[in-house]
Amino acid sequence: MKTQNLGLVVATALGLAIPAVAGEIRGKVTLKGTPPPNPVVKDLSADPNCSKLVKETVHIPMFRVGPGGELADVFVTLDGITGKSTGASAPPAVLDQKGCQYIPYVLAIQTKQTLLVKNSDPLLHNVHATPTVPGNKERNEAQLAGSPDLKFTFDAPEKFLRFKCDVHPWMFAYVCVSDHPWFALTGADGTFVIKDVPPGKYTLEASHRKAGTLKKDIEVTDGVVEVDFVFELK
Ligand SMILES: [Cu+2]
């Protein structure tokens, strides 16, 4: 037995806290090919109340792509892990309704994590969660201007769980629900970081609502693993 392992055994026997060894997964997601243009939300500009709040043309951000193909809103996660959620003790995530749009359009939370839905607009919205995975409940609630945040939680993992507004038919948001904490969403620069990953062999999955899903087998040790994904549009 090596000396360092002996130390570990002694520390374990004494019940001492041992610093956990953990790795980090970093990478960048890019898109090859030209995506279709993001559709203009014509109904918003035609709505007498919403058009007062937003003067500029609003597009549905189906593809957020940078000048070098950097792809945002990609849900990157360790595949096939369930029952490891720390969502019950995680800080709440926030989905806002502002300018008759859900902001952000895509977000990621854990099972049992509180999702606060805010109404920052001076008008009525109707928050309607429409999950498709058994274990997650559909819920539909009116939210008047100035009323308290609505609290949502989901029990089952689900990718791109849709929220809609029944007052404004163009309003959608998509929530990725993970049953463990090892996930990230890519930002505008296409990059992601997943920290504190226990060493091991995993399948890393990258999912974009419109571009599809890619998977890579990876091994995490106690350092940084770099993993890039390239989505190709046909
Ligand atoms: Cu609305």
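Up top is the structure these notes are about.
What you see is a predicted model, and the numbers here were worked out from it, not measured in a lab.

J.: Sorry if this is basic, but what is going on with the pattern of salt bridges here?
T.: Side chains that differ in charge, positive against negative, can pair when their charged atoms come close. In this structure the tally under the stated criterion is nine salt bridges. Between K159 and E205 there is a salt bridge, and its shortest N-O distance comes to 3.1 Å. Taken together, the residues K159 in strand β10 (residues 158-165) and E205 in strand β14 (residues 200-208) connect sequence positions 46 residues apart. For E205, a relative accessible area of 8% translates into the label buried. What emerges from the salt-bridge pattern is a single network uniting D79, K159, E205 and K215.

J.: Would you take a moment to explain the coordination of the copper ion for this structure?
T.: For a metal bound by four donors in a tetrahedral arrangement, the ideal donor-metal-donor angle is 109.5 degrees, while six donors in an octahedral arrangement ideally sit at 90 or 180 degrees. Protein-derived ligands of the copper ion are H125 (ND1), C165 (SG), H168 (ND1) and M171 (SD), with the metal-ligand distances lying across 2.0 to 2.7 Å. Of note is the copper ion, whose four donor atoms meet at the metal with angles of 96 to 134° in an arrangement that counts as tetrahedral. Expressed as a motif, the donor residue spacing for the copper ion is H-x39-C-x2-H-x2-M. Of the two residues, H125 is situated in strand β7 (residues 125-130) and M171 in the loop between β10 and β11 (172-178); the sequence distance between them amounts to 46 residues. Judged by its relative accessible area of 0%, H125 is buried.

J.: Can you help me understand the environment of V40 in this one?
T.: Assignment of secondary structure puts V40 in the loop between β1 (23-32) and α2 (42-46). V40 gets classed as partly exposed once you look at its relative accessible area, which sits at 39%. Linking V40 and V167, residues 127 residues apart in sequence, is a C-alpha distance of 18 Å. Aside from chain neighbours lying at most four places away, what touches V40 is T57, V58 and H59.

Parameters and conventions
Residues numbered from 1 in each chain as written. Predicted model: local features only at pLDDT ≥ 70, side-chain atom pairs only at ≥ 80, totals over all residues. Heavy atoms only, no water. Salt bridge = Lys/Arg side-chain N within 4 Å of Asp/Glu carboxyl O. Helix = DSSP H or I, 4+ residues; strand = E, 2+ residues; numbered from the N terminus. Buried < 20%, exposed > 50% of the residue type's maximum accessible area, 1.4 Å probe, protein only. Donors = N, O, S within 2.8 Å, 3.2 Å for Na, K, Ca; no water. Tetrahedral: all angles 85-135°; square planar, octahedral: opposite > 155°, others 65-115°. Contact = heavy atoms within 4.5 Å.

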